[in-house]
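# Tertiary structure, described
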Amino acid sequence: MDLDKPPAQPPYPEGCLAVAIRVPVRIVVLVLVVPVRLVWDALTVAGRFVARTVLRPLGRALRWLGRALFVWPLVALWRWVVVPAGKALGWLGNVLVVVPASWLYRYALTPLGHGLARGARVTGAALRWLYARVLAPVGRGIAWLLKGAGLLLAAAGTGVCAVVARLGRYLLVVPARWLYAWVLAPVGRALAWLVTAVVTGTGAVLYWTARVLLVLPALALWRRVLVPVGRVLAVVARETGRPSGTPGGSPGGSRGPSGGCSGPSSGGSSWNRCAGCTGRSSPPSGTPSGTMCCGPPPGRRAWWGGPCGRRWPPPVTPCGRRARTSGGRCSASPGRRPPWTGGNPGAARHVLLVGVPPHSRRTRTLGKRQPEGPPPAPAVQRIRLRYTKRGRLRFTSHRDFQRAFERALRRAEVPMAYSAGFTPHPKVSYANAAPTGTGSEAEYLEIALTAARDPEPLRVLLDESLPTGLDIVDAVEARTSGLADRLTASVWELRLDGVDPLDARRAVEAFMEADAVEVQRMTKNGVRTFDARPAVANLETPSSRADGPTDQPCAILRLVVRHVTPAVRPDDVLSGLRAVADLAPPVPAAVTRLAQGLFDEETGTVTDPLAPDREAAEALTATPAAAATTPTPEGSA
């Protein structure tokens, strides 16, 4: 006996319900399932027999027949006819076209192109020498002579103008002022006083005449005759117009001691009235039972006409106050007619006018807000500055530079002029700022001062107050207008690390020879496509060098671009070089603006925008000296 093995359990006894279900199930299986399974197995065996003995041999025969009729003939045609014919045609084209064209390009077109390029280079060098050695010195000499003549003419004109101004002042202005002050002004004041007295007296006489003859008799007639007669007629009309059979003039009601409607005589209900009204009066004729109009408060003198035929002043109640501010509507039923009008628009309009006094002529209006305190001091001087963005500070945005420059103005204690309004800010005008991430040697701005300052000491103070990299390099006093109008072009330097100078030169030549260069730029309205070629005035490769001991090539591009709309940036020019010549620098280009100003179409250069201010300052300082050194004619005193 195995002690580890548990003893066998006796079978679980089955119930009668399980036996009753198992017997029908077995009958269904024997009658339906077993015959269907036998038929399915027979069909499966027959199908496999047909596939092996009939269908598979027939498919193999059809496959060999298709290969013999279609595949083998086409393969033989391609291998023995088409391929040899193509090779023969390729050899013939190489011998007849490619070899002669290569020979023509190598031994004819290339030497001719080199010769033309060398001739053009020699011609350009000769023209450059002619311009630098002959035309430029002659032009400078002529300009110097014209400038001297202009200074002399300016000095002479200043003297003549001073003499003419002095003569005009003492011959015309002074006598005219004396004539006005001592003759014309007293005569004018006397005539004005006389005319005023005549007009005032005539107006007073006419006023009192019209008042005595017209106004006072009409007022007496109104107060002493028409008003009493009207009151008597109103009482008679009210008494005669009441319906008969009901005391107090309203069905189902009675007169109260104060003359108002005290309510119905039976039924236990009272008159309805507007919320906030304290006075009572009788309702008009034909008014339904159970209503009350806005009446006068007790003890008030009646003077305002109402729908009940009486006269009372407008009730000074919350309802009356709300009616005045809401345009004549009662607060108890806003936007609806009073309940006792019975749908009569005329009665409703009459009742609503009871509590609305005439509007006051003194209308309160909201005046224009003005900032407190005295107005800011006016600007007496404008200084134009040129600053730079160098090194790592080229990644600062224009807004960051604005904050830094305003702090520098406060540190240097510059007497800045401020704008008027609730948020004054210093008057600083920026012109054509460089994009973020690009260096610049020519950025311009203009400041307004409330006190005159020397530009050079002011430049030194501001330069010391700014961080290294944001340097103020030039300052002049603004003596001309339109600084932004003189910034029509910019000179950029593009440093392409890892780019062969020869590849850069070929790309530049392809860009300059192209008629149109389409580039794309992502804007806030989506991708925009425009032509970048017309804005580029000049693009060249003046120099190239290698960086470091690894002898890595580096190409330098010099770009002159006009300020047009839409603005063409150096990044757009790099995109154009990538489009026309597939020039893609391995690292981002280092971009620096070298100059900006007025573009000279003849020489292709960009002039200094601050030069007119310097020339005006020099002319102003040279004019007194020229006037002092002017020789005196012989024989003059």
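Residues numbered from 1 in each chain as written. Predicted model: local features only at pLDDT ≥ 70, side-chain atom pairs only at ≥ 80, totals over all residues. Heavy atoms only, no water.

### Description of the pairing of strand E3 (residues 381-389)
- Burial runs high along E3: 7 of the 9 residues are buried.
- As paired elements, E3 and strand E5 (residues 439-449) share 8 bridges and run antiparallel to each other. The residue of E5 that forms the bridge with Arg386 is Tyr444.
- In this sheet, strand E6 (residues 470-477) lies alongside E3 in antiparallel orientation, the contact comprising 7 bridges. Paired with Ile383 across the bridge in E6 is Glu477. (Buried < 20%, exposed > 50% of the residue type's maximum accessible area, 1.4 Å probe, protein only. Helix = DSSP H or I, 4+ residues; strand = E, 2+ residues; numbered from the N terminus. Pairing = 2+ DSSP bridges.)

### Quick notes on the confidence of the model for the protein
- Overall, the predicted model of the protein reaches an average pLDDT of 79, with 74% of residues at or above 70.
- This stretch, residues 244-366, has a pLDDT under 50; its non-local contacts, to residues over four places away or in other chains, come to 171 contacts.
- Contacts from residues 546-550, a stretch scored under 50 in pLDDT, to residues over four places away or in other chains number 6 contacts. (pLDDT = per-residue confidence, 0-100. Contact = heavy atoms within 4.5 Å.)

### Quick word on a positive patch on the surface
- A contiguous patch of positive charge, built from Arg48, Arg52, Arg56, Arg60, Arg63 and Arg67, is present on the exposed surface.
- The exposed category is assigned to Arg52, whose relative accessible area is 61%. (Patch = residues over 30% accessible without salt bridge, like charges linked within 9 Å, V, L, I, M, F, W, Y side chains within 5 Å. Areas by Shrake-Rupley, 256 points an atom, 1.4 Å probe, with all protein chains shown as cover. Salt bridge = Lys/Arg side-chain N within 4 Å of Asp/Glu carboxyl O. Lys, Arg positive; Asp, Glu negative; His and termini not counted. Charge placed at Lys NZ, Arg CZ, Asp CG, Glu CD.)

### Some points on the packing of helix H6 (residues 501-513) against helix H7 (residues 570-581)
- Two elements in contact, H6 and H7, have axes separated by 9 Å at closest approach and are oriented at 95°. It follows that H6 is roughly perpendicular to H7 by the angle criterion. In this structure, H6 uses Ala507, Val508, Ala510 and Phe511 to contact H7, whose residues at the interface are Val573, Gly576, Leu577, Val580 and Ala581.
- Class assignment of the residues belonging to the contact of H6 with H7 gives a composition of 8 nonpolar, 1 polar and no charged. (Axes fitted to C-alpha atoms, helices over the stretch in contact; angles between N-to-C directions. Parallel < 35°, antiparallel > 145°, perpendicular 65-115°, else oblique. Nonpolar A, V, L, I, M, F, W, Y, C, P; charged D, E, K, R; others polar.)

### What about helix H4 (residues 398-411)?
- Between its first and last C-alpha atoms H4 spans 20 Å; for 14 residues at 1.5 Å apiece the expected length is 20 Å, and the two agree.
- Of the surrounding secondary structure, the elements contacted by the buried residues of H4 are E3, strand E4 (428-431), E5, helix H5 (455-465) and E6.
- Where H4 ends, the next residue or the one after it, Glu413, has phi of about 55°, a positive value. (Expected span 1.5 Å × (residues − 1).)

### Quick look at the pattern of salt bridges
- Across all of its chains, the model carries 18 salt bridges by this definition.
- Measuring nitrogen to oxygen at the nearest pair gives 2.9 Å for the salt bridge that ties Arg390 to Glu441. On the criterion of sequence distance, the pair formed by Arg390 in the loop between E3 and H4 and Glu441 in strand E5 is long-range, its members being 51 residues apart.
- Taking relative accessible area as the criterion, Arg390 reaches 35% and is therefore assigned partly exposed.
- Across the pair Glu443 and Arg593 runs a salt bridge whose closest N-O atoms are separated by 2.9 Å. With a gap of 150 residues between them, Glu443 in strand E5 and Arg593 in strand E12 (residues 590-597) connect regions that are remote in the sequence. For the pair Glu443 and Arg593, one class covers both residues: buried.

### Section: the packing of aromatic side chains
- Applying the stated rule across the entire model yields 6 aromatic pairs.
- Ring geometry for Tyr207 versus Trp208: centroids 5.4 Å apart, planes at 75°, classification edge-to-face.
- Judged by centre distance (5.9 Å) and plane angle (20°), the rings of Phe401 and Phe405 are stacked. Linking Phe401 with Phe405, this pair stays in helix H4, spanning 4 residues, or about one helical turn. For the pair Phe401 and Phe405, a shared accessibility class is recorded, and that class is buried.
- Here a set of aromatic residues connected by ring pairs shows up, and it is made of Tyr387, Phe401, Phe405 and Tyr430.
- Sitting over the ring of Trp64, Arg67 keeps its end group 5.3 Å from the ring centre.
- Arg169 extends its terminal NZ or CZ atom over the ring of Tyr170, reaching a point 5.9 Å from the ring centre. (Phe/Tyr/Trp six-rings, centres within 6.5 Å; stacked < 30°, edge-to-face > 60°. Lys NZ or Arg CZ within 6 Å of the ring centre and 35° of its normal.)

### Brief notes about the nonpolar core
- Counting residues in each nonpolar core, the largest one holds 26 residues, and the members touching the most others are Leu539, Leu557, Leu559 and Leu577.
- Breaking this core down by element, the ones donating at least two residues are strand E7 (489-497), H6, strand E10 (536-547), strand E11 (552-562) and H7.
- The residues contacting Leu539, other than those within four sequence positions of it, are Val508, Phe511, Met512, Leu557, Arg558, Leu559, Val573 and Leu577.
- Counting 20 residues, the second largest nonpolar core, distinct from the first, contains Val414, Val428, Leu449 and Leu470. (Core = buried A, V, L, I, M, F, W, Y, C linked by side-chain atoms within 4.5 Å.)

### Things to note about the pairing of strand E8 (residues 518-523)
- Here 6 bridges tie E8 to strand E9 (residues 526-531), and the two strands are oriented antiparallel to one another. Looking across to E9, one finds that Val519 is bridged to Phe530.
- Between E8 and E9, which follow one another and run antiparallel, lie 2 residues.

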